Amino acid sequence: MSLSDEERDVLVSLEIEKAEKTFSQASMCVENQMWDMLANRLYYSLFHAVSALFIRNKIQVGTHKGMVVMLGKEFVIKGVLTVDEAHTVSRLQQLREEGDYNCHIETTQAEILPFVDKTKALIDKIKTLVVV
């Protein structure tokens, strides 16, 4: 399905809105020391921001891992994003999966808290890249 420029603009705006809303939920996770849930909220806030970036650039992926691969291929290699920024998405995707699907692995405060500021910075950067 091909989107018109207008439809693409609407979807990009909705994805950015969802990214920001999801990121705002992270503060509740920090306050309640819910580290697995924090990983989930940080990852999904980036998922929606990256989705906006992909929609803006007419890139389609079918899986979360495919999103990470395409992020590197289309944006890191071309110098739009840094390796560290792509690593943030990749590591949060891993922590989110571990926290959501493995009952014997728990995300720790020490490993997840550094990603709060990195996530916010990356969302803000992506917002500048998708501006209409």
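Just above sits the structure.
Please read all numbers here as calculations on a predicted model, not as lab measurements.

Caption draft 1: Molecular detail of the environment of Arg 96. Checked against the element boundaries, Arg 96 lands in helix H5 (residues 83-101). Each C-alpha atom, one on Arg 96 and one on Ser 27, is 16 Å from the other, the two residues being 69 residues apart in sequence. Non-local contacts of Arg 96, meaning those with residues more than four positions away in its chain, are made with Ala 39, Asn 40, Tyr 43, Tyr 44, His 64 and Tyr 101.

Caption draft 2: Summary view of the pattern of salt bridges. One pass over the full model with this rule turns up 7 salt bridges. As a salt-bridge pair, Arg 56 and Asp 9 come within 3.0 Å of each other at their nearest N and O atoms. Of the two residues, Arg 56 is situated in helix H3 (residues 35-56) and Asp 9 in helix H1 (residues 5-24); the sequence distance between them amounts to 47 residues. Measuring nitrogen to oxygen at the nearest pair gives 2.4 Å for the salt bridge that ties Glu 20 to Lys 127. Of this pair, Glu 20 sits in helix H1 while Lys 127 sits in helix H7 (residues 114-130); the two residues are 107 residues apart in sequence, bridging distant segments of the chain.

Reading the values: the criteria
- Here, residues in each chain are numbered from 1, in the same order as that chain's written sequence.
- Restriction of local features to residues with pLDDT of at least 70 applies here, the model being predicted, together with a cutoff of 80 or more for giving and counting side-chain atom pairs; totals for whole chains, interfaces and linings are based on all residues.
- Computation of side-chain values: all heavy atoms of the structure, hydrogens and water removed.
- For helices the rule is a DSSP run of H or I covering at least 4 residues; for strands it is a run of E covering at least 2, with both sets numbered from the N terminus onward.
- By the convention used here, residues are in contact when the closest approach between their heavy atoms is within 4.5 Å.
- Put simply, a salt bridge is a Lys or Arg side-chain nitrogen that is within 4 Å of an Asp or Glu carboxyl oxygen.

So yeah, pure geometry; function would need other evidence.
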